[in-house]
Amino acid sequence: MTFQSADATLLGVLHLPSGPGPYPIVVLLHGFPGHERNFDLAQAMRRAGYATLVFHYRGSWGMDGSWSWAHVLEDSARVVARLRGPKAAAYDLDPGRLAVVGHSLGGFAALMTAAADAGVTAVGSVAGFDLGTAAAACRSDPAARVGYLEDWAGELLPLRGTSAQALVREMEAAGDSWRLSRLASRLARRPVLLIGTDRDTVTPADIHHRPLVEAYRAHPLPGLEHHVFHTDHALSDHRVTLARTVIAFLDRHLKGNPR
């Protein structure tokens, strides 16, 4: 499938389940720069009865335009909105049952997208990267800023129109407006799944997961479900457990009579 976002054409793959629709929808958001696109999860969700979309953001992996954090958020929002339009009828999708699930940067984008769009039924973040928390670390610790610059400089090959310096500056400029804890009030009436990873050097659970869980519990979010898996950032040895956990969450909140 293709989608328009600003002046760019985005390419996605829609995995349709067997059997009659309309199908509940899952938009699966990949991280930075997108080496792991979680197609195993997409296929597992398809087998479980979900129409699952995986797509590339602007400026990545041959797509039009330039990469930026803001473009990731804009692209995610536009794809979700378009799946509730004419494309829904064309593929027998149920726009009233739509979840957004993301990994790493995709987890950040999933929570931000759901917070901005009340039409998202449920949302999940797996080893989510909190850009607002990272921006605060850069402000308080020059060594943290250098670390992000060095790490991100080595991830730019599949991206275009950006640099490590541009990405750090954009994150710092957004600052606390991109703190995921600030989304609690906008997510309070919906199911939220947070999965942390405690052998993870990219999104350590004590920095990116546990503080967010505490913030959402304090609000509170009655629909919050959270887990910490003893694994690395890619959940390399927990892929089956991950699929089962996410699908069980979706089954509780998206299965049932079509709207």
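It should be noted that the structure appears before, not after, this text.
Nothing here was measured: the structure is a model prediction, and the numbers come from that model.

Observations concerning the overall build of the protein
Counting secondary structure elements, the protein contains 10 helices and eight strands. With the C-alpha coordinates of the protein rotated into their principal frame, the extents come out at 55 × 40 × 35 Å. Taken over 259 residues, the protein has a buried fraction of 55%. When the accessible surface of the protein is totalled, it reaches about 10,700 Å², and 52% of it is carbon and sulfur.

Here we look at empty space enclosed by the protein
Under the defined criterion, the tally for this structure stands at one cavity of 30 Å³ or more. Taken as a whole, the largest cavity encloses approximately 90 Å³ of empty space. Ser 125, Ala 127, Gly 128, Leu 180, Leu 194, Ile 195, Gly 196, Thr 197, Thr 203, His 208, His 209 and Leu 212 are the residues that line the largest cavity. Going through the elements one at a time, β7 (192-197) and α9 (205-218) are the ones with two or more residues in the lining of the largest cavity. Ranked by the residues each element gives to the lining of the largest cavity, the list is headed by β7, at four residues. A per-class count over the lining of the largest cavity returns five nonpolar, seven polar and no charged.

Considerations on the pattern of salt bridges
Two side chains bearing opposite charge may form a pair once their charged atoms approach each other closely. Inspection of every chain in the model, using the stated rule, returns 14 salt bridges. The closest approach of N and O atoms between Arg 78 and Glu 74, which form a salt bridge, is 3.8 Å. Here the residue Arg 78 and the residue Glu 74 both occupy positions in helix α2 (residues 69-83), the gap between them amounting to four residues, near one helical turn. Residue classification places Arg 78 among the partly exposed positions, given a relative accessible area of 28%. One salt bridge in this structure joins Lys 255 and Asp 251, with 3.4 Å as the shortest N-O distance. When its relative accessible area of 31% is taken as the criterion, Asp 251 is described as partly exposed. A single salt-bridge network, built from bridges that share partners, covers Arg 58, Glu 74, Asp 75 and Arg 78.

Comments concerning unusual backbone geometry
Among all residues except glycine, the phi angle is most often negative; among peptide bonds, the trans geometry is most common. For the bond from Gly 21 to Pro 22, the omega torsion is 0°, close enough to zero to count as cis. As for its position among the elements, Pro 22 is in the loop between β2 (8-15) and β3 (23-29). Here the amide bond leading from Phe 32 into Pro 33 is cis, since omega sits at -5°, within 30 degrees of zero. Here Pro 33 lies in the loop between β3 and α1 (39-47). One non-glycine residue with positive phi stands out, namely Asp 92, at about 60°. Classification of Asp 92 as partly exposed rests on a relative accessible area of 35%.

A short note on the environment of Ala 136
Mapped onto the elements of the fold, Ala 136 is located in helix α5 (residues 131-140). Separated by 39 residues in the primary sequence, Ala 136 and Gly 175 have C-alpha atoms spaced 6.8 Å apart.

Details of the environment of His 233
One can find His 233 in the loop between β8 (224-229) and α10 (239-254). Considered as a pair, His 233 and Val 202 are 31 residues apart in the sequence and their alpha carbons are 6.4 Å apart. Residues contacting His 233, with those up to four places away along its chain left out, are His 103, Ser 104, Ala 127, Thr 197, Asp 200, Val 202 and Thr 203. Within the structure, the side chain of His 233 is placed 2.8 Å from the side chain of Ser 104, a separation counted as a polar contact. Among the polar contacts listed, one links the side chain of His 233 to the side chain of Asp 200, at a separation of 2.8 Å.

Here's the deal with the nonpolar core
Counting 61 residues, the largest nonpolar core has Trp 69, Leu 83, Leu 111, Trp 152, Leu 187 and Tyr 216 as the members making the most contacts within it. Leaving out residues up to four positions away in the same chain, Leu 187 has contacts with Leu 111, Ala 114, Ala 115, Val 123, Val 192, Tyr 216 and Leu 221. Counting residues in each nonpolar core, the second largest holds 23 residues, with Ala 99, Val 126, Phe 249 and Leu 250 among its members.

Examining α9
Counted at 1.5 Å a residue, the expected span for α9 with its 14 residues is 20 Å, and the 18 Å between its end C-alpha atoms agrees. Those residues of α9 that fall on the buried side of the exposure criterion are Ala 205, His 208, His 209, Leu 212, Val 213 and Tyr 216. Projected down its long axis, α9 carries its buried residues within an arc of 115°, all on one side. Away from its buried face, by an angle of more than 90 degrees, α9 presents the exposed residues Asp 206 and Ala 218. Its buried side turned inward, α9 meets α4 (105-116), α6 (142-153), α8 (184-187), β7 and β8.

Analysis parameters
- Residues numbered from 1 in each chain as written.
- Predicted model: local features only at pLDDT ≥ 70, side-chain atom pairs only at ≥ 80, totals over all residues.
- Heavy atoms only, no water.
- Helix = DSSP H or I, 4+ residues; strand = E, 2+ residues; numbered from the N terminus.
- Buried < 20%, exposed > 50% of the residue type's maximum accessible area, 1.4 Å probe, protein only.
- Areas by Shrake-Rupley, 256 points an atom, 1.4 Å probe, with all protein chains shown as cover.
- 1 Å grid on protein atoms, 1.4 Å probe; cavity = no way out; pocket = protein on both sides within 12 Å on 5 of 7 lines; lining within 4 Å.
- Points joined across faces, edges and corners; volume = space filled by probe spheres on them.
- Nonpolar A, V, L, I, M, F, W, Y, C, P; charged D, E, K, R; others polar.
- Salt bridge = Lys/Arg side-chain N within 4 Å of Asp/Glu carboxyl O.
- Contact = heavy atoms within 4.5 Å.
- Polar contact = N/O pair within 3.5 Å; in protein donor to acceptor, adjacent residues only side chain to side chain.
- Core = buried A, V, L, I, M, F, W, Y, C linked by side-chain atoms within 4.5 Å.
- Expected span 1.5 Å × (residues − 1).
- Arc of directions from axis to C-beta.

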